[in-house]
Amino acid sequence: MEFQNTLGFAQELDKKDVLAKYRKEFVYPKVNGQEVIYFTGNSLGLQPKRAKAFVDEIMTDWAELGVEGHFYAEKPWWDYHERLIPPLAKVVGARPEEVTVMNTLSVNLHFLMVSFYTPTKNRFKILCEEKAFPSDQYMLQSQVRFHGFDAEDAIVEVKKREGEHFWRTEDILAKIDEVGDQLALVLIGGVNYYNGQVMDMEAITKAGKKVGANVGWDLAHAVGNVELKLHDWNADFAAWCSYKYMNSGPGNASGIFVHERHLDQKDIPRFEGWWGTKKEERFLMKPHFEPMPNADAWQVSNPPVLSMAPYLASLELFEEVGMPALIEKQKTLTGYLEFVLKQIDAEVDSSFEIITPKDRGCQLSVFLHGQGRALFDYLMQNGVIVDWREPNVIRLAPAPFYCSYEDMHQFGQILKEGILKNTR
Ligand SMILES: Cc1ncc(COP(=O)(O)O)c(C=O)c1O
């Protein structure tokens, strides 16, 4: 499609957008009395309007039923999380039995490593991307130390090439091959938080499995953003948070995927709790653990229902719209944003550089050569919510559920004013 950086053109695209009607399903923060242009769905998604009613329902049931709500609430609490699983399984390309919702992301990756990072004297290395999200770095370092290894020796980071801002798949595959039978685990962010790159999850999983390693994915920036086929790709496990593109609320519950070949096994190493035991027998208070035959075997505690409620509300929207429609809009919307950025860059003879490669989801990370925090502050004060990453990068993630083409055009105009005011 030939884009134009005009208000009329952007509005025409909005008129043709089948998802445009979903804008009214979300609540927009305001700056200077105006609804903002929201680019931080990669950090915290906007609140779906219907979330409040889902939370209120639990509050009412709690008030009226007390403990009886566990079994007699409108949506009983004891298995509330199960309602989230079918729509979530579709979002991540999994079978429902391979998915559950529990805890938070870093906690779940640790729990999953209990099962899938079981190093031996010879096979003990973990491969990840250089400068992985800090929590992932801390997790991997503490996991290898916990098993008595030295992080310097046990963690293999795949580097970007000199002067490049992205990882080359061939470099990742070559490193997997090189580490070979010393490789216990591959654990990488499916979409990189900093540059927005979508990793070739299928090829990397295949390569990891070929050398006999387990392969897991941190999908914080991938879930609800890009196409995932966890089952078909044959990943061993994955985990994600729900507060970014899944719009479930700050710090909210994580989801996990465990491939079906690992389900219904008693001898798999695992940290266990009463919510992972067979649900028919859970309240018999038996002394021995009988695992659920599905990913629920990894559930430890009873589900935090008040957190699950807004997540369920949001999943209802995902179920209505479906990932294919979201991804289709995401491609055009992010493409339009890229076009607008390049136009503005040329018009004001600026020099920003989009460091996100072509394999991307919503996010564009823009390196602001010669400009910096003053421009970021200008955007924020003028109703454009973006985020800042050191040393000089703003991340823009137009989520297709609630961002419009007009937003992209308007943003371009505010950006241009900001550059002219702040740097000239
Ligand atoms: C890629 C990635 N991994 C892990 C985390 C940590 O998530 P949590 O604080 O929910 O454990 C985040 C949080 O933003 C993230 O972006």
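About the cut-offs
Residues numbered from 1 in each chain as written. Predicted model: local features only at pLDDT ≥ 70, side-chain atom pairs only at ≥ 80, totals over all residues. Heavy atoms only, no water. Helix = DSSP H or I, 4+ residues; strand = E, 2+ residues; numbered from the N terminus. Rg over C-alpha atoms; globule rule 2.2 N^0.38 Å. Buried < 20%, exposed > 50% of the residue type's maximum accessible area, 1.4 Å probe, protein only. Contact = heavy atoms within 4.5 Å. Near = heavy atom within 4 Å. Polar contact = N/O pair within 3.5 Å; in protein donor to acceptor, adjacent residues only side chain to side chain. Areas by Shrake-Rupley, 256 points an atom, 1.4 Å probe, with all protein chains shown as cover. Nonpolar A, V, L, I, M, F, W, Y, C, P; charged D, E, K, R; others polar. Core = buried A, V, L, I, M, F, W, Y, C linked by side-chain atoms within 4.5 Å. Domains from an automatic or database assignment. Pairing = 2+ DSSP bridges. Axes fitted to C-alpha atoms, helices over the stretch in contact; angles between N-to-C directions. Parallel < 35°, antiparallel > 145°, perpendicular 65-115°, else oblique. UniProt positions renumbered as here; feature names shortened; annotations may be inferred. Salt bridge = Lys/Arg side-chain N within 4 Å of Asp/Glu carboxyl O. Expected span 1.5 Å × (residues − 1).

Asker: Explanation requested: the overall build of the protein in the structure shown.
Answerer: Within the protein one finds 14 helices and 17 strands. In terms of overall dimensions, the protein is globule-like: its C-alpha atoms have a radius of gyration of 23 Å, near the 22 Å expected for 424 residues. Seen along its three principal axes, the alpha-carbon backbone of the protein occupies a region of about 70 × 60 × 35 Å. In the protein, which comprises 424 residues, the share counted as buried stands at 58%. At a minimum sequence separation of 6, the contacts of the protein that also span at least 24 residues come to 71%.

Asker: Please clarify how the site of the ligand should be interpreted in this entry.
Answerer: Residues in close proximity to the ligand include L105, S106, F133, D136, D218, A220, H221, Y243 and K244, which together make up its full environment. Within the side chain of S106, one N or O atom sits 2.6 Å away from an oxygen atom of the ligand. Y243 is positioned with one of its side-chain polar atoms (N or O) 2.6 Å from an oxygen atom of the ligand. Out of a free accessible area of 390 Å², the ligand has 82% covered by protein chains. When the residues that make up the shell around the ligand are grouped by side-chain class, the tally is four nonpolar, two polar and three charged.

Asker: Would you explain the nonpolar core in this entry?
Answerer: The nonpolar side chains of soluble globular proteins are, as a tendency, buried together. The biggest cluster of nonpolar side chains holds 106 residues, and the ones touching the most others in it are W217, W240 and F411. Here this core gets ten residues from one element, more than from any other, and that element is helix α11 (residues 305-321). Per-domain counts for this core show at least three residues from each of domain 1 (7-35 + 322-423) and domain 2 (53-321). Those residues in contact with F411 that lie beyond four places of it in its chain are I37, F39, L337, L341, L379, V384 and L396.

Asker: How should the pairing of strand β12 (residues 254-258) be read in this particular structure?
Answerer: Two faces, one strand: in a regular strand the side chains alternate between the faces of the sheet. Within β12, five of the five residues are buried, leaving the element largely enclosed by the surrounding structure. Here β12 shows a buried face lined by S254, I256 and V258 and a second buried face lined by G255 and F257. As judged from the four bridges shared by strand β11 (residues 237-240) and β12, these two strands associate in the antiparallel manner. Pairing of W240 across the sheet is with G255, part of β12.

Asker: Looking at this model, I keep getting lost on the side chain of D345. Mind explaining?
Answerer: Mapped onto the fold, D345 is located in helix α12 (residues 323-347). Given a relative accessible area of 17%, D345 falls into the buried group. Apart from residues no more than four positions distant in its own chain, D345 is found in contact with S350, S351 and F352.

Asker: Sorry, what's going on with the packing of helix α8 (residues 169-179) against helix α9 (residues 201-210) here?
Answerer: Each pair of packed helices can be described by the angle between their axes along with the distance between the axes. Between α8 and α9, the shortest axis-to-axis distance is 9 Å and the interhelical angle comes to 10 degrees. Classified by the angle between their axes, α8 and α9 sit roughly parallel to one another. On α9, the residues that touch T169, I172, L173 and I176 of α8 are A203, I204, A207 and G208. The residue makeup of the contact of α8 with α9, split by class, is six nonpolar, two polar and no charged.

Asker: When you look at the UniProt feature "binding site: pyridoxal 5'-phosphate" (unreviewed entry) in the protein in this model, what are you seeing that I'm missing?
Answerer: In this structure's numbering, the residues bearing the UniProt feature "binding site: pyridoxal 5'-phosphate" (unreviewed entry) are L105, S106, F133, P134, S135, D136, D218, H221, Y243, W274 and N302. These annotated residues cover 198 residues of sequence, and their C-alpha atoms reach 31.4 Å apart at the extreme, placing them across more than a single site. Relative to the helices and strands, H221 is located in the loop between β10 (214-218) and α10 (230-233). As for its position among the elements, W274 is in the loop between β12 and α11. Accessibility expressed as a relative area gives 39% for W274, which makes it partly exposed. W274 has contacts with R282, F283, M285, V300, S301 and N302, leaving out every residue within four places of it along the chain.

Asker: Can you help me understand the pattern of salt bridges in this one?
Answerer: Pairing is possible between side chains of opposite charge, provided their charged atoms come close. Under the counting rule described, the total for this entry stands at 27 salt bridges. Close ionic contact of K175 with E178 constitutes a salt bridge, the shortest N to O distance being 3.5 Å. Here the residue K175 and the residue E178 both occupy positions in helix α8, the gap between them amounting to three residues, near one helical turn. The closest approach of N and O atoms between E338 and K342, which form a salt bridge, is 3.3 Å. Within this pair, E338 and its partner K342 are both found in helix α12, separated by four residues, close to a single helical turn. In the salt-bridge network here, residues are joined through shared partners; they are R161, E164, R168, E170 and D171.

Asker: I'm lost on unusual backbone geometry in this one. Help?
Answerer: Peptide bonds are, in most cases, trans, and in most cases residues other than glycine have a negative phi. Residue E390 is joined to P391 through a cis peptide bond whose omega torsion reads 5 degrees. Positionally, P391 belongs in the loop between β16 (387-389) and β17 (393-396). The backbone of N234 sits at a positive phi, close to 75 degrees, despite the residue not being glycine. By secondary structure assignment, the location of N234 is in the loop between α10 and β11. The partly exposed category is assigned to N234, whose relative accessible area is 31%.

Asker: For this particular structure, what's the right way to read helix α5 (residues 105-116)?
Answerer: An α-helix turns once per 3.6 residues; consequently, residues spaced three or four apart project the same way. A rise of 1.5 Å per residue sets the reference length of α5, with its twelve residues, at 16 Å; its end C-alpha atoms lie 16 Å apart and thus fit the reference within 8%. Taken across its twelve residues, α5 has nine buried, putting it largely inside the fold. All of the buried residues in α5 are L105, N108, L109, F111, L112, M113, V114, S115 and F116.

Asker: Explanation requested: the UniProt feature "modified residue: N6-(pyridoxal phosphate)lysine" (unreviewed entry) in the protein in the structure shown.
Answerer: The positions UniProt marks with the feature "modified residue: N6-(pyridoxal phosphate)lysine" (unreviewed entry) are K244. Positionally, K244 belongs in the loop between β11 and β12. The contact partners of K244, leaving out residues within four places of it in the chain, are G41, N42, S43, L44, G45, A220 and H221.

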